[in-house]
Amino acid sequence: MHSPTPRLSKRPTAARDVLVTAREIVSEHMIRLTLAGHDLAAVVHDSPGSWVKLFVAEPDGFGEHGRAYTVRGFDPLADTITIDIFVHGDGTIPEWASHCTLGSRARVAGPRASGAPSSDVDALILYGDETSLPAIAAMLEREHSHRPVSAFIELGDERDRQDLDLPRTTQATTTWLTRGRGEKPGARLLATAERTTFSPSDGVWFAGEAASAHWFRHHMRGATVAELHIKGYWRSGVGDYRE
């Protein structure tokens, strides 16, 4: 038995036009973009790991394509937000991020609260892959309690490992898991979860490949935890996946 992560109060959705003002290669497949606009506070939620919908023009020039991305940073004085985009497959936005330049136009909409477990849980256990690494990093940076925090992060390429800012006020550990050649996405995360004994006071968060999210949800049916959030971010073999 478990309870879903409590939903935070929802503010009206706003949309803002933005320009790319900085572009940084964070790791082998991760690109960090700084987006500048006007009154971006209207689209940013204050919860750890919150996200916005990023819209770019469709490759054929007709309409827009949108995907959700974690807000890695927000500077209200400069009116900029920072997002990390993992480049994999044939997705429209990863392709755009690979070729965008300073001044490239886009649009963001929000605010959207994250599914991060609340401060009411006694321990935090995070599972994710490369695509959810920005969300895990954002949650770790905003963790100021004294509760234990464990983050398990699966990578397909060791070169995508990042130096994360772990909270100093708590017992925080990060375990990096690297998939072997031919191993299905999420396999290492699921194996780790199967070896974990969960407590009724734990808050558990999982985000990654859609099939692995399905199997993680199935596995957690037999566990008793305080709060549980599971999300499929992408599907293997599908460029523009929509859950």
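Here, every reference points to the structure presented above.
The structure displayed is predicted, hence computed values, not measured ones. (Residues numbered from 1 in each chain as written. Predicted model: local features only at pLDDT ≥ 70, side-chain atom pairs only at ≥ 80, totals over all residues. Heavy atoms only, no water.)

**Some words on the nonpolar core**
Next, step 1: Core analysis: the biggest nonpolar cluster contains 24 residues, and Leu-33, Leu-35, Leu-54, Ile-85, Trp-96 and Val-108 have the highest contact counts within it.
Next, step 2: For this core, the secondary-structure elements that each account for two or more residues are strand 2 (14-25), strand 3 (30-36), strand 4 (51-57), strand 5 (64-75), strand 6 (80-86), helix 1 (92-99) and strand 7 (105-112).
Next, step 3: Those residues in contact with Leu-35 that sit more than four places away from it in its chain are Val-18, Leu-19, Val-20, Thr-21, Leu-40, Leu-54, Asp-79, Thr-80, Ile-81, Ile-83 and Val-108.
Next, step 4: Counting residues in each nonpolar core, the second largest holds 20 residues, with Met-139, Leu-140, Ile-153 and Leu-164 among its members. (Core = buried A, V, L, I, M, F, W, Y, C linked by side-chain atoms within 4.5 Å. Buried < 20%, exposed > 50% of the residue type's maximum accessible area, 1.4 Å probe, protein only. Helix = DSSP H or I, 4+ residues; strand = E, 2+ residues; numbered from the N terminus. Contact = heavy atoms within 4.5 Å.)

**Observations concerning the pairing of strand 2**
Next, step 1: Bridge analysis of strand 2 against strand 7 gives six bridges, and the strand direction is antiparallel. Paired with Val-18 across the strands is Ala-106, a residue of strand 7.
Next, step 2: Of the pairings in the sheet, the one linking strand 2 to strand 3 comprises six bridges and is antiparallel in character. In the sheet register, Leu-19 faces strand 3, and the bridge partner there is Ala-36.
Next, step 3: Remark: four residues form the turn of the hairpin made by strand 2 and strand 3, two consecutive strands paired antiparallel. (Pairing = 2+ DSSP bridges.)

**What about the side chain of Asp-129?**
Next, step 1: Inspection of the secondary structure assignment puts Asp-129 in the loop between strand 8 (123-128) and helix 2 (133-141).
Next, step 2: This buried residue, Asp-129, is left without a salt bridge; Arg-179 holds the nearest opposite charge, at 5.3 Å.
Next, step 3: Among the polar contacts made by the side chain of Asp-129, one reaches the side chain of Thr-131 at a distance of 2.6 Å.
Next, step 4: When sequence neighbours within four positions are dropped, the list of residues in contact with Asp-129 reads Ile-153, Glu-154, Leu-189, Ala-207, Gly-208, Glu-209 and Trp-234. (Lys, Arg positive; Asp, Glu negative; His and termini not counted. Salt bridge = Lys/Arg side-chain N within 4 Å of Asp/Glu carboxyl O. Polar contact = N/O pair within 3.5 Å; in protein donor to acceptor, adjacent residues only side chain to side chain.)

**A word on the pairing of strand 4**
Next, step 1: Of the strand pairs in this sheet, strand 4 and strand 5 are connected by seven bridges, and their pairing is antiparallel. In the strand pairing of strand 5, Ala-57 is matched with Glu-64.
Next, step 2: Taking the residues between adjacent antiparallel strands as the criterion, strand 4 and strand 5 are bridged by six residues, where Gly-61 takes a positive phi near 85 degrees.
Next, step 3: Of the strand pairs in this sheet, strand 4 and strand 7 are connected by four bridges, and their pairing is antiparallel. Bridge pairing links Lys-53 to Ala-109 in strand 7.

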